[in-house]
Amino acid sequence: MDKRVAVTVLVAAALVLGFDWKNCGPPDAPAVLKTLTMSPDPISIPGDLTASASGSTAVELGAPLSLNVTLEKEVAGFWVKVPCLDEVGSCHYKDACDILSQLIPPGQDCPEPLHTYGLPCHCPFKAGSYTLPQSIFYLPNIDLPYWLTNGDYRVQGVLGSQGKELGCLKVTLSIHSD
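Attention in this report is confined to the structure presented alongside it. (Residues numbered from 1 in each chain as written. Predicted model: local features only at pLDDT ≥ 70, side-chain atom pairs only at ≥ 80, totals over all residues. Heavy atoms only, no water.)

### A short note on unusual backbone geometry
Pro 46 follows Ile 45 through a cis peptide bond whose omega is 5 degrees. By secondary structure assignment, the location of Pro 46 is in the loop between strand E3 (43-45) and strand E4 (47-57). The omega angle of the peptide bond from Cys 123 to Pro 124 is 0 degrees, so this bond is cis rather than trans. Located in the positive-phi region is Ala 76, a residue other than glycine, with phi close to 55 degrees. Even without being a glycine, Asp 86 presents a positive backbone phi close to 55 degrees. Relative to the elements of secondary structure, Asp 86 occurs in the loop between strand E6 (78-81) and strand E7 (92-93). (Helix = DSSP H or I, 4+ residues; strand = E, 2+ residues; numbered from the N terminus.)

What follows is the structure in structure tokens.
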């Protein structure tokens, strides 16, 4: 059965190449991503993405759940921090749970394939392990801000609660748009 879901991605008609990730928190961080695989490489947008993932949290992740995002673009051999403009870029989000509730209103079923696999999409996320088996997502064509187009990028996201870091993830990728 072909399970597809539209995923909001900040990329217009483009190719995403060299996607890589790693945890950047301490070895005993409560929230960690254990596996993440995506194909094809390069990823075409619009187009289909096949992905699987697993992760765990040793603590319940509930509101308020802060998220600090640092986005950097390589310019002439130097990494330059992209400022937060219209909630995109290097931004501090006071409560990621609130953002999830805006995207998927409480009481509404989680989108596929999360629903099929019993994966939550709202806070609180109970302590435990979570696994998304290999699934197909459709990535739609979405307009990019002019300053977020062709180039090499690094993104770091730090999840926190009550002043404590719960997890950290670093992603690197290249975007080549039409």
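### Points about the state of the cysteines
Scanning all chains against the criterion turns up four disulfides. Here Cys 84 connects covalently by a disulfide to Cys 91, the sulfurs 2.0 Å from one another. On the sign convention where negative means left-handed, the S-S torsion of about 100 degrees between Cys 84 and Cys 91 marks this disulfide as right-handed. The exposure class assigned to Cys 84 is partly exposed, which follows from its relative accessible area of 35%. (Disulfide = S-S within 2.5 Å. Buried < 20%, exposed > 50% of the residue type's maximum accessible area, 1.4 Å probe, protein only.)

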